Amino acid sequence: MQKVITDEKKIDEVLDRGTIVEILPTKAEFKKKLLSGERMKFYIGFDATAATLHLSHAKNFMLLEKFRKLGHEVIVLFGDFTARIGDPTGESSARKQLTREDVKANVERWKELIKPLMNFDDAKNPPLIKYNHDWLSKLNFEDIIGLASNFTVQQMLERDMFQKRMKEEKPIHLHEFLYPLMQGYDSVAMDVDVEMCGTDQIFNALAGRTLLKKLKNKEKFVVAVTLMEDPKTGELMSKSKGTGIFLDVSANDMYGQIMSQTDEMIEILFLNCTDLALNEIKLLEISKNPRDAKMRLALEISKKFHGEVEAKKAQDYFIRTIQNKEVPENVKNIEIKRGKKILEILVEQGMAESGSDAKRKVKQGGVKLDNIVISDLQKEILSQDNGKILKAGKRDFRKLIVN
RNA sequence: GGGUCGGUGGCAGAGUGGUCAAAUGCACCUGACUGUAAAUCAGGCGGCGAAAGCCUACGGGAGUUCAAAUCUCUCCCGGCCCA
């Protein structure tokens, strides 16, 4: 039997780090339960609707891992069924429905991406992975009606998202209305003690609490975690909005994406996405040395996903190419025929999105050959350009091999 | 089923016959500055073209007009009201 850690200090470190925003019914009861030594079953669900993940997802897995390390059973639930229905959360209009194949591909991708965040090799208490297709797809219409009878239309309508939609005269599809039911049934099917969710998911999680109580007379805790919104803009990390730090990028890019976060995000990311102790974070004096703190942050997070060696290389790359504006060591060689136009090269190399984009970059002084700005749109590569470095923007380099 | 309002660029959201490749904000790109790929500032942000300009684009299709995102018809999708 897995032993549960009841060290209050360790428990507090998890509960008070800032990741957890709210615990229902109360934090006190939850803490009491954690201290009791009773082994609980935690879960967090993800609808694998997108092909990629960002740090805001990552911090959820990291928190779950903390509870696992305390000795509790943890489940990562892939909402492969619910993903295809589309949860209304956060979307101003209904999300498009995905095929089973789409979702399967996403799930496989995600499993790879979250590997560094949880110890799946722990023999004694490994995190479990489940799929809600396994039970949700088996429900028949009668079952669904039975579940639905536990709620009133008015209760469902209370959800803030639905209120908002009605106010904005935007559609609420019936299947979205049933979404809380499905997520709620997940709790019943897995018979969990605790559900972790983003604050935007509290309504759904509470539906599960209601169901669990009605069907199994069990009290489920809901642990709501921060969405890590930007304190300045209120924006969330989001693929469709082009914001966020994504997990499937190279170490260099990850390091860079973190450095491009606003200074206001530094502390939030330290708290949620690193394992640094609270007093260690305090010692960094973030507001005094935002750049240095951010570099440390970028290093810590990159390390998690790419390992120490790669992370340090990324930092080195950043210092040299961005801060010192040097040419990096391993510049990709490209073979170019004499007389080739610069504009064509930029497009072919993906250094510009289109001919127009390439032209813009040249016009704006963003294209250099051996650090000399190219201003001639018609510039062609000559034989004496052999070995020179073509640079577009701040960090896109190619070495020309002219023949 | 009837009435009515609406469907705009990666997102949000203006525009309601020409001055619209379409305001503004976000995202993005380039430059300047800088102890940051931060903040700030400047410029840019459909495609082709050296440019003039041309082409494609405001849910789909068909029209009216010298001229349509804007008007008409029709189809698809949605909101609201009525049934």
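In what follows, the structure referred to is the one given above.
Conventions we followed
Residues numbered from 1 in each chain as written. Chains lettered and ligands numbered in written order. Predicted model: local features only at pLDDT ≥ 70, side-chain atom pairs only at ≥ 80, totals over all residues. Helix = DSSP H or I, 4+ residues; strand = E, 2+ residues; numbered from the N terminus. Buried ≥ 20, exposed ≤ 12 C-beta atoms within 10 Å, placed from the backbone. Pairing = 2+ DSSP bridges. Axes fitted to C-alpha atoms, helices over the stretch in contact; angles between N-to-C directions. Contact = placed C-beta atoms within 7 Å. Parallel < 35°, antiparallel > 145°, perpendicular 65-115°, else oblique. Left-handed = near helix turned anticlockwise from the far one by under 90°. Nonpolar A, V, L, I, M, F, W, Y, C, P; charged D, E, K, R; others polar. Core = buried A, V, L, I, M, F, W, Y, C linked by C-beta atoms within 7 Å. Expected span 1.5 Å × (residues − 1).

Q: Whenever I open this one, the overall build of chain A confuses me. Can you help?
A: Each helix and strand counted, chain A has 18 helices and 11 strands in total. Projected onto its principal axes, the C-alpha positions of chain A cover 80 × 50 × 40 Å. A buried classification covers 35% of the 403 residues belonging to chain A.

Q: Just checking my understanding: could you explain the sheet that holds strand E10 (residues 389–392) for this structure?
A: Spatially, the five strands line up as an open sheet ordered E7-E11-E10-E8-E9, and their pairing is mixed. Taken across any chain shown, the strands that pair with only one partner, and hence form the sheet edges, are strand E7 (332–336) and strand E9 (372–373). Summarising the sheet, strand E8 (residues 367–369) and E10 pair through three bridges and their orientation is antiparallel. Among the inter-strand pairings, Leu-369 is bridged to a residue of E10, identified as Leu-390.

Q: Help me out: how do you make sense of the sheet that holds strand E5 (residues 194–198) in this one?
A: Backbone hydrogen bonds hold the strands of a sheet together, and the pairing may be parallel or antiparallel. Strand order in the open sheet formed by six strands is E1-E6-E5-E2-E3-E4, with mixed pairing between adjacent strands. Edge positions in the sheet fall to strand E1 (20–24) and strand E4 (128–131), since each has one partner strand and no second. The average undirected angle you get between the axes of adjacent strands in this sheet is 25°. Relative to strand E6 (residues 221–225), E1 runs antiparallel, the two being bridged by four bridges. Paired with Glu-22 across the strands is Ala-224, a residue of E6. Across the face of the sheet, helix H12 (residues 202–216) comes into contact with E1, E5 and E6 while running at roughly 170° to E6.

Q: Which parts of the structure should I look at to understand the environment of Val-192?
A: Within the secondary structure, Val-192 is located in the loop between helix H11 (179–190) and E5. The sequence separation of Val-192 and Arg-291 amounts to 99 residues, and the corresponding C-alpha distance is 43 Å. Excluding its chain neighbours within four sequence positions, the residues that come into contact with Val-192 are Lys-41, Phe-42, Tyr-43, Ser-187 and Lys-220.

Q: Looking at this structure, I do not really get the packing of H11 against H12. What am I missing?
A: In a packed pair of helices, the relevant descriptors are the angle between the two axes and the axis-to-axis distance. Contact geometry for H11 and H12: axes closest at 7 Å, N-to-C directions at 55°. Relative to H12, H11 is oriented oblique. Taken as a pair, H11 and H12 cross one another with a handedness that is right-handed. Contacts between H11 and H12 involve Tyr-179, Pro-180, Leu-181, Gln-183, Gly-184, Tyr-185, Asp-186, Ser-187 and Val-188 from the first element and Phe-203, Asn-204, Ala-207, Gly-208, Thr-210, Leu-211, Leu-212, Leu-215 and Lys-216 from the second. Broken down by class, the residue content of the contact of H11 with H12 amounts to 10 nonpolar, six polar and two charged.

Q: Would you take a moment to explain the nonpolar core for this structure?
A: Counting 72 residues, the largest nonpolar core has Phe-42, Ile-44, Ala-58, Leu-64, Met-196 and Val-222 as its most contacted members. By residue number, the principal contributor to this core is helix H16 (residues 290–323), which donates eight residues. Once residues lying within four places of it in the same chain are set aside, the contact partners of Ala-58 are Leu-53, Leu-117, Leu-247 and Cys-273. Residues Ile-345, Leu-346, Val-362 and Val-367 belong to the second largest nonpolar core, which totals 14 residues.

Q: Before we go on, may I ask you to explain unusual backbone geometry in this structure?
A: Comment: phi is negative for the bulk of residues other than glycine, and the bulk of peptide bonds are trans. The omega angle of the peptide bond from Leu-24 to Pro-25 is 5°, so this bond is cis rather than trans. As for its position among the elements, Pro-25 is in the loop between E1 and helix H2 (27–36). Not every positive phi belongs to a glycine, and Asn-217 is a case in point at roughly 50°. Among the secondary structure elements, Asn-217 is positioned in the loop between H12 and E6. Phi is positive for Lys-325, close to 55°, though the residue is something other than glycine.

Q: Would you explain the environment of Phe-78 in this entry?
A: You can see Phe-78 is positioned in strand E3 (residues 73–78). Here Phe-78 is in contact with Phe-46, Ala-48, Val-107, Ile-129 and Tyr-131, once residues within four sequence places are set aside.

Q: Would you mind showing me how to read H11 here?
A: For an α-helix the count is 3.6 residues per turn, leaving residues at separations of three or four pointing the same way. Here H11 is 12 residues long and its end C-alpha atoms lie 17 Å apart, about the 16 Å a rise of 1.5 Å per residue gives. Taken across its 12 residues, H11 has 10 buried, putting it largely inside the fold. Within the span of H11, buried status applies to Tyr-179, Pro-180, Leu-181, Met-182, Gln-183, Gly-184, Tyr-185, Asp-186, Ser-187 and Met-190. Residue Asp-191 follows H11 closely and has a positive phi angle near 55°.

Q: Whenever I open this one, the environment of Leu-400 confuses me. Can you help?
A: Tracing the backbone through its elements, the reader meets Leu-400 in strand E11 (residues 396–402). Note on Leu-400: 21 C-beta atoms within 10 Å, which makes it buried. A sequence separation of 92 residues divides Leu-400 from Glu-308, and the C-alpha atoms of the two residues are 32 Å apart. Setting aside residues no more than four positions away along its own chain, Leu-400 makes contact with Ile-334, Ile-336, Ile-381, Asp-385, Asn-386, Gly-387, Lys-388 and Leu-390.

Treat this as a map of the structure, not an account of what it does.
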